[in-house]
Amino acid sequence: MRTYRVNILGCRGRGTAAARAYHAHPRTEIVALCDLVEELLNTLGDEVDVSARFTDLDEMIRQTEPDIVAIPTGTEFHYDLCMRVLEHGVNIEVEKPMCVDLIQADAVIARAQEKGVRTAVHHQGRVGASMQAIAGAYKEGKIGELRYIYGSGKGYYGGYGLMNIGTHMINNMLRFGGPPRSVVTQATTDGHPITPDDIVPSPSGMGTIACEHITASLQFDNNVTGTLLQHRFDNMDSSAYAMELYGSEGRLMWRGDQAWWLPQPHFIPDGEHDRWERLESIYPESYQPDSSAAEADYWFVEEYVRALDEGREHECSGLEGRRVLEVLMGVFESAAHGTRVDLPQENREHPLHSWRKEAALKPPSEMPRPYWDWLSTEFERLGR
Ligand SMILES: NC(=O)c1ccc[n+]([C@@H]2O[C@H](COP(=O)([O-])OP(=O)(O)OC[C@H]3O[C@@H](n4cnc5c(N)ncnc54)[C@H](O)[C@@H]3O)[C@@H](O)[C@H]2O)c1
C-alpha cells in the first residue's frame, strides 16, 4: 500500500488542523511545511515532527515532490496559490470556499484537468463521521424517497454566512440532492430588498457580498427542493447550523457531530411520532479517538487516500466545490434581480460586480477584514 507524500502550505489554524489529520493517518506522510512566518512553521513542524520547513512554496514542492499539497490559507489567496501549486502537476486540496468567483474556480479546474491531477475542497462536514451515519441510513432507505432538504447557518451577516458557512451546507445538500438546477432568493438588508448600494466587500477576504438576511430555495432533480437560510442573528447561534432531510417515510437530521433519525415523516409530539433516534457515528478503521486530529478532517484525508487509490474524484472534489460556488453566486444574482437563476450559469462574472457596474457605481470602499469590526462598519453604513 502506497503512502502519499503531503505538503502543508499555510501553518496557522486550518493548516494545523490539516497537518494533524495527515500526520495521524497511516497512509499519508507530511514531507514538508511552508509558511511565510517562521515561528508558525517551527511550532507546527515541532508538533508533527517535520523538519523540512520552507518559506518558498515552489522550492518546497520542487525539493520534496509531494503527491498532495494542502492549501489552508485565507480565501483571497486560494486562486493564486492553487494556480501556482498546480503548475507543479500535483493534487491539491484547498480550504473552503474554493475561490471568490466562478472565473477563478473555472481556471483552477481547467488547470488541474490540463495537468491531469485531482482537486478537493476542504468541506470536511460532507464526509465526517456523523454525515457517514446519515449517508448510510439514507442509502438503506430509512427515510424512503427524499422530498426536501433544509439547512441553516449560525447567524453571521447573511452574505458572509453564505460564503463562510453556507458553502459547507450547500456541499452537504449536494451529497443527497445532486446538482441543483436553479435557485430563487429572498433577501434583505436593513429590512428592505437589496440595492447596488448594499454590495460590500466580505469580511475574511471572501470576495464581494450583499444581503443581511437570506432565504434561498434550490431546485434539485426528482422534485426535491432545498431551503437554505443564512440570517444574521443578534447573538450567534451555532446550534442553528443543521441540515435535515425530509423523506416519504422519515427524516434525518445532521447537527455537526450528531446524526438523528425520525422513523416517521412527520414530527407530532404525541408520544408516538416524536422519537428521534441517535445514529451512531461511523469512523475510519484506522482512526484513533485520542489523536489530536479532528475526526472530520481525518475522514477528509481518508477519503483522499481512497479516491487516489481508486483513481476517482474526492467526495468533496473541486468540481463539487465549483458547483457550490455556482449556487453561492446564483443566490446573489437572484437576490439582485429578483429572478430565478438557472444553474450552472453561463455568465461566470461575479453577479454583484456586474450589478454594481450596471448601476454605474464605483467598486465599494474597503472594509475591515475581521468580522466584528466589519459588522460595526456595516452598521455605521446603515445608520445604526
Ligand atoms: N473547513 C473549516 O472548517 C474551516 C474553518 C475555518 C476557516 N476555514 C477556511 O480556512 C481558510 C483560512 O485558514 P486559516 O484561518 O488557517 O488562515 P490564516 O490566514 O490564519 O493562515 C494562513 C497561513 O498561510 C500562510 N500563507 C499565506 N500565503 C502564503 C504563501 N504564499 N506562502 C506560504 N505561506 C502562506 C500565512 O502566513 C498564514 O500563516 C479560509 O479559507 C477559511 O474559509 C475553514
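That block above? That's the structure.
The rules behind these values
Residues numbered from 1 in each chain as written. Predicted model: local features only at pLDDT ≥ 70, side-chain atom pairs only at ≥ 80, totals over all residues. Heavy atoms only, no water. Near = heavy atom within 4 Å. Polar contact = N/O pair within 3.5 Å; in protein donor to acceptor, adjacent residues only side chain to side chain. Areas by Shrake-Rupley, 256 points an atom, 1.4 Å probe, with all protein chains shown as cover. Helix = DSSP H or I, 4+ residues; strand = E, 2+ residues; numbered from the N terminus. Axes fitted to C-alpha atoms, helices over the stretch in contact; angles between N-to-C directions. Parallel < 35°, antiparallel > 145°, perpendicular 65-115°, else oblique. Left-handed = near helix turned anticlockwise from the far one by under 90°. Contact = heavy atoms within 4.5 Å. Nonpolar A, V, L, I, M, F, W, Y, C, P; charged D, E, K, R; others polar. Pairing = 2+ DSSP bridges. Disulfide = S-S within 2.5 Å. Buried < 20%, exposed > 50% of the residue type's maximum accessible area, 1.4 Å probe, protein only. Phe/Tyr/Trp six-rings, centres within 6.5 Å; stacked < 30°, edge-to-face > 60°. Lys NZ or Arg CZ within 6 Å of the ring centre and 35° of its normal.

Attention shifts here to the site of the ligand. Near the ligand lie 23 residues; those nearest to it are Arg12, Arg14, Asp35, Thr75 and Lys96. Between the ligand and the protein, one listed contact pairs an oxygen atom with a backbone N or O atom of Gly13 at 3.3 Å. At 3.3 Å, a backbone N or O of Thr73 approaches an oxygen atom of the ligand. Surface burial for the ligand is 78%, taken as the share of its 870 Å² of free accessible area covered by protein chains. Elements that contribute at least two residues to the shell around the ligand include exactly helix H1 (13-24) and helix H4 (78-86).

Time to look at the packing of helix H6 (residues 129-139) against helix H7 (residues 158-177). One can describe the packing of H6 onto H7 by two numbers: an axis separation of 11 Å at closest approach and a directional angle of 20°. As the angle between them shows, H6 and H7 are arranged roughly parallel. The crossing of H6 and H7 is right-handed. Here Met131, Gln132, Ile134, Ala135 and Tyr138 of H6 lie close against H7, whose contacting residues are Asn172, Arg175 and Phe176. Broken down by class, the residue content of the contact of H6 with H7 amounts to 5 nonpolar, 2 polar and 1 charged.

It is worth spelling out unusual backbone geometry at this point. Leaving glycine out, the prevailing phi sign among residues is negative, and the prevailing peptide bond configuration is trans. Residue Pro97 is bonded to the preceding Lys96 through a cis peptide linkage, with omega at -15°. Relative to the helices and strands, Pro97 is located in the loop between strand S5 (91-94) and helix H5 (102-115). Each neighbour pair has its own omega, and for Leu343 with Pro344 the value is -5°, a cis peptide bond. Backbone geometry at Cys211 places phi at a positive 85°, although glycine is not the residue there. Considering the arrangement of structural elements, one finds Cys211 in the loop between strand S11 (208-209) and strand S12 (213-219).

Here we come to the sheet that holds strand S2 (residues 28-34). With parallel pairing, 6 strands are arranged side by side in an open sheet as S3-S2-S1-S4-S5-S6. One side of each edge strand has no neighbouring strand; the edge strands of this open sheet are strand S3 (53-54) and strand S6 (119-121).

With that settled, the discussion passes to the state of the cysteines. If you walk through the whole model with that rule in mind, you get 0 disulfides. Here Cys82 is not disulfide-linked; the sulfur of Cys99 is the nearest cysteine sulfur, at 5.8 Å. Under the relative-accessibility criterion, Cys99 is labelled buried at 0%.

It is worth spelling out H6 at this point. For H6, the buried fraction is high: 8 of the 11 residues fall into the buried class. Buried within H6 are the following residues: Ala129, Ser130, Met131, Gln132, Ala133, Ile134, Ala135 and Ala137. Buried residues along H6 sit in contact with H7, strand S14 (243-247), strand S15 (251-255), strand S16 (258-262), strand S17 (277-279) and helix H8 (295-310). Positive backbone phi, at 85°, marks Gly141, one or two positions downstream of H6.

Below, the discussion takes up the packing of aromatic side chains. Under the definition given, this model contains 11 aromatic pairs. Ring centres of Tyr371 and Trp374 lie 6.3 Å apart, and the angle between their planes is 15°; on these two criteria the pair is classed as stacked. You can see Tyr371 and its partner Trp374 sitting in helix H11 (residues 371-381), 3 residues apart, about one turn around the helix. This pair shows no difference in class: Tyr371 is buried, exactly as Trp374 is. By way of ring pairs, the aromatic residues Tyr156, Tyr157, Tyr160, Tyr371, Trp372 and Trp374 are connected into one cluster. Taking the ring centre of Tyr241 as reference, the NZ or CZ of Lys154 above it sits at 5.3 Å.

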